[in-house]
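Tertiary structure, described
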Amino acid sequence: MLCGTHRRIHFRGRRGKLAFVKKNIPSKRKPRVAGGADLGGGKRTQHAARCCVAPTDIKPSGEITSGGTSGGGGGKSWEHAKGGAGSGADELATRFVESLSYDRRIYKQDIAGSQAHARMLAKVGLITPAELGRIEGGLDAIAREIAAEGDAWRGWRVELEDVHMCVEAALIEKIGDAGRKLHTGRSRNDQVALDLKLWIEDAVVSLERLFSDLGLALVELAERDGRIVMPAYTHLQRAQPIVVGGELLAWLAAFDRARARLLVLRDLNRQNPLGGGAVAGSSLPLDRAAVAEELPVGLPAANSIDATASRDAAVDFVYALAMTAMTLSRWAEQWILYASTEFGFVTLDSRYTTGSSMMPQKQNPDMLELIRGRCGNVYGSLVALLTICKGLPLAYNRDLQEDKRHVFAAFDVVTDCLAMAGRIIKTARFNAERIAGGLEAGFLDATSLAEYLVTKGVPFRTAHQVVGSLVRLCRETGLVQLSQLDLAAMKKGCQDVGVDGGVVDKELYDWLGPANVVKRYKTAGNAGLSGLETGLAAWRKRWGG
């Protein structure tokens with residue numbers, strides 16, 4: 001049910017298979033809505049019910065037949081206009097043009113758009129109030145049926161090609177001529193463009209919840225383990241000391257930017273295409289503004305040709321998903337390293353690791369590796385969409401039917417990866433003792449010593465040279481920490497580059513050692529203790545905690 005507004009849709013993943021071509025091809029994970037109905041058509045039953053036609057229409061090879069279209073049984077209502085039996089006369093043609101196997105997941109959005117369109121038709125006098133009542137009642141009944149029956153709903157008829165015609169055909173069967181009036185002033189071209197935008201609106205709401213869950217998990221981990229001192233890396237080499245929370249806040253910043261990008265690009269494309277018709281608009285007195293007021297996709301699109309030809313909303317949405325996948329992949333790679341024996345910084349919950357079929361000691365970070373690997377799937381969806389759109393003349397072309405395959409696939413991957421990342425973070429632990437055991441290696445406090453010299457009036461480039469010579473001295477004499485050098489050695493290091501040794505005193509040792517360094521960071525947004533303390537409250541508020 002739409003419950004007053006199409007935006008209240010909740011998603012959950014569910015696996016299934018579609019008998020679509022010569023083989024049974026695994027489908028992408030499909031989101032579900034509250035109450036057990038998924039956007040791909042509803043509750044799952046037996047395997048045959050996962051297909052877009054009845055079990056008797058599936059050949060042993062998995063090929064979908066035309067459902068008897070060529071035998072005269074109710075095919076596409078518009079085919080008579082061009083003469084001949086249409087694509088229903090050839091089973092391959094029927095399979096080739098259908099999109100029902102994947103676009104039925106937008107049935108809720110299709111019904112919401114149709115009801116808004118019907119109310120506008122009544123407002124301008126193109127249908128009667130009684131006809132409007134029958135249309136709305138019929139569409140409500142269809143929504144309930146699909147929610148209850150899902151893929152087994154008898155209205156899914158492959159010969160009708162897509163979700164739009166299946167819903168319309170079912171409506172006509174229920175209410176007669178009033179249902180035939182619903183398509184007044186509308187084309188499948190502007191209808192599908194609207195449905196996709198409505199679906200993206202709902203998808204963004206779903207993704208926002210997952211971003212919030214992930215962000216809150218990072219905040220909670222930072223509160224728990226965030227004060228552990230650890231090395232930061234550049235070029236994968238030890239650089240400066242930070243606190244664990246400083247790095248976790250870095251991932252928060254990256255994911256917050258990913259969420260903001262999703263919202264900004266959605267808002268950029270909030271233009272309602274309904275009323276654009278097939279390409280040129282309509283000579284009927286349609287009130288496009290009235291429809292736009294009801295639906296959360298913005299004002300009427302300014303140009304009817306562009307309204308039906310553009311898929312910028314889809315491309316931008318998948319681009320935002322690709323950037324999210326990239327950020328997830330980078331984070332996964334970082335934690336794969338941290339979870340290794342060589343680092344040992346992070347312990348992952350056993351639920352999110354797997355064993356080896358041969359080596360009994362292994363705990364492999366397979367979930368993180370799959371997050372990293374599936375980023376490529378989302379990139380593929382983006383490139384596919386861009387390639388579809390790059391050579392299309394104005395306006396609508398059937399190539400655009402393929403857009404939803406890639407939009408849905410990218411969304412499904414990112415949905416699963418965001419959810420998995422949140423669970424991994426929520427159950428992970430940083431290993432304070434293991435990190436501390438190797439913390440003094442790598443001269444992490446070298447920059448801090450240079451900054452101490454700056455406070456004594458030494459130019460930074462000269463201070464850099466002094467500390468560089470002191471690090472070399474440590475290495476040559478087998479020392480592993482700058483603090484192991486006595487004050488005389490420090491003074492000589494200054495003198496060797498022309499700096500008065502009197503600028504240094506015992507105070508400099510308060511600047512050395514990772515634990516001291518992380519206390520001294522002062523700049524806003526720093527990765528030390530002060531940055532953690534000031535950042536945590538702001539991030540918790542921002543991520544809804």
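Whatever comes next refers back to the structure up there.
Residues numbered from 1 in each chain as written. Predicted model: local features only at pLDDT ≥ 70, side-chain atom pairs only at ≥ 80, totals over all residues. Heavy atoms only, no water.

**What about the overall build of the protein chain?**
Condition: Only DSSP runs of H or I with at least four residues qualify as helices, and only runs of E with at least two residues qualify as strands; both kinds are numbered from the N terminus onward. Only protein chains enter the accessibility calculation, which uses a 1.4 Å probe; a residue whose area is less than 20% of its type maximum is buried, one above 50% is exposed, and one in between is partly exposed. Residue contacts are defined here by distance: any two heavy atoms, one from each residue, within 4.5 Å place the two residues in contact. All accessible-area figures derive from a Shrake-Rupley calculation using a 1.4 Å probe, and residue coverage is judged against the displayed protein chains alone.
Each helix and strand in the protein chain was counted, giving 19 helices and 10 strands. Across the 545 residues that make up the protein chain, the buried fraction comes to 52%. Within the protein chain, contacts between residues separated by at least 24 positions form 74% of all contacts whose residues are at least 6 apart in sequence. With the model as given, the accessible surface of the protein chain reaches about 24200 Å², and the carbon-plus-sulfur share is 54%.

**Brief notes about the pattern of salt bridges**
Here is the rule: By convention in these notes, a salt bridge is any Lys or Arg side-chain nitrogen within 4 Å of a carboxyl oxygen on Asp or Glu.
Enumeration over the complete set of coordinates arrives at 28 salt bridges. Two residues, arginine 157 and glutamate 159, come together in a salt bridge whose shortest N-O distance is 3.0 Å. Note that aspartate 267 is salt-bridged to arginine 266, the shortest N-O span being 3.1 Å. Exposure remark for aspartate 267: the relative accessible area of 38% places this residue in the partly exposed category. A residue is classified by how much of its surface remains accessible, and arginine 266, at 14% relative accessible area, is buried.

**Re the environment of glycine 457**
Its location among the elements puts glycine 457 in the loop between α15 (446-455) and α16 (460-477). Residues glycine 457 and valine 503, spaced 46 residues apart in sequence, show a C-alpha to C-alpha distance of 8.3 Å.

**Regarding the side chain of glutamine 109**
Quick reminder of the rule: Between N or O atoms, a polar contact is any pair within 3.5 Å; within protein, one atom must be a potential hydrogen donor and the other a potential acceptor, and residues adjacent in sequence are included only when both atoms are from side chains.
Tracing the backbone through its elements, the reader meets glutamine 109 in helix α3 (residues 107-123). With relative accessibility at 0%, the residue glutamine 109 sits in the buried group. At a separation of 2.7 Å, a polar atom in the side chain of glutamine 109 contacts the side chain of aspartate 202.

**Overview of the packing of aromatic side chains**
Under the convention used in this document: For Phe, Tyr and Trp, where Trp contributes only its six-membered ring, two rings pair if their centres lie within 6.5 Å, and the inter-plane angle classes them as stacked under 30 degrees, edge-to-face over 60, or tilted in between. Lysine NZ or arginine CZ positioned within 6 Å of the ring centre and within 35 degrees of the ring normal marks a charge as sitting over the ring.
Going through the model one piece at a time under the given rule, you end up with 11 aromatic pairs. The interplanar angle of 50° and the centroid separation of 5.2 Å between the aromatic rings of tryptophan 331 and tryptophan 335 together place this pair among those described as tilted. Taken together, the positions of tryptophan 331 and tryptophan 335, both in helix α11 (residues 312-338) and four residues apart, correspond to about one turn of that helix. The exposure class assigned to tryptophan 331 is buried, which follows from its relative accessible area of 0%. Joined through ring pairs, the aromatic side chains of Trp199, Phe317, Phe408 and Phe411 make up one cluster. The ring of phenylalanine 408 has arginine 105 lying over it, and the distance from NZ or CZ to the ring centre is 4.5 Å. The ring of tryptophan 511 carries the charged tip of arginine 520 above its face, separated from the ring centre by 4.2 Å.

**Remarks on the environment of serine 304**
Inspection of the secondary structure puts serine 304 in helix α10 (residues 304-309). On a C-alpha basis, the gap between serine 304 and glycine 277 in space is 7.2 Å, while along the polypeptide they are 27 residues apart. Filtering out sequence-adjacent residues up to four positions away, serine 304 remains in contact with Gly276, Val279, Ala280 and Gly281.

**A closer look at unusual backbone geometry**
Between leucine 394 and the following residue, alanine 395, the backbone shows a cis peptide bond with an omega angle of 5°. Mapped onto the elements, alanine 395 comes out in the loop between α12 (366-390) and α13 (403-427). We note that leucine 236 has phi near 60°; this positive angle belongs to a residue other than glycine. With respect to the helices and strands, the residue leucine 236 is situated in the loop between β5 (229-234) and β6 (237-243). With relative accessibility at 57%, the residue leucine 236 sits in the exposed group. Here the phi dihedral of phenylalanine 443 falls at roughly 55°; this positive angle occurs in a residue that is not glycine.

**Describing the pairing of β6**
Under the convention used in this document: Two strands pair under a simple rule: DSSP has to find at least two bridges between them.
In terms of strand pairing, β5 meets β6 through five bridges, oriented antiparallel. Following the sheet pairing, threonine 234 is matched in β6 by glutamine 237. Hairpin connection between β5 and β6: a loop of two residues separates the two successive antiparallel strands, and histidine 235 in this loop has a positive phi of roughly 55°.

**Notes on a nonpolar patch on the surface**
Quick reminder of the rule: Patch building starts from residues that exceed 30% relative accessible area and form no salt bridge, then joins like charges within 9 Å and nonpolar side chains (Val, Leu, Ile, Met, Phe, Trp, Tyr) within 5 Å.
A cluster of nonpolar side chains, contributed by Val279, Ile305 and Leu394, occupies part of the molecular surface with about 260 Å² of accessible area. In this fold, leucine 394 is placed in the loop between α12 and α13. Residue classification places leucine 394 among the exposed residues on the basis of a relative accessible area of 67%.

**Thoughts on the nonpolar core**
Rule in force here: What is meant by a nonpolar core is a set of buried Ala, Val, Leu, Ile, Met, Phe, Trp, Tyr and Cys residues, joined one to another through side-chain atoms within 4.5 Å.
By size, the foremost hydrophobic cluster in this structure holds 113 residues, and its most contacted members are Phe317, Trp331, Trp335 and Phe430. Looking at this core, the element that brings in the most residues is helix α7 (residues 188-225), giving 16 residues. When neighbours within four sequence positions are excluded, phenylalanine 317 is seen to be in contact with Trp199, Ile200, Ala203, Val204, Leu207, Leu262, Val407 and Phe411.

**Notes on helix α4 (residues 129-149)**
Helical geometry note: an α-helix holds 3.6 residues per turn, so side chains three or four residues apart project in the same direction. Put simply, the rule is: Multiplying 1.5 Å by the residue count of a helix minus one yields the expected span of that helix.
Taking 1.5 Å per residue, 21 residues should reach 30 Å; α4 reaches 30 Å between its end C-alpha atoms and fits that length. Looking only at α4, the buried set comprises Glu131, Leu132, Ile135, Gly138, Leu139, Ala141, Ile142, Ala143, Ile146 and Ala147. Backbone geometry just after α4 places glycine 150 at a positive phi near 60°.

**Comments concerning the environment of leucine 470**
Looking at where leucine 470 falls in the secondary structure, it is placed in helix α16. For the pair leucine 470 and methionine 490, spaced 20 residues apart in the sequence, the C-alpha separation amounts to 7.3 Å. Once residues lying within four places of it in the same chain are set aside, the contact partners of leucine 470 are Leu449, Leu482, Leu485, Ala489, Met490 and Gly493.

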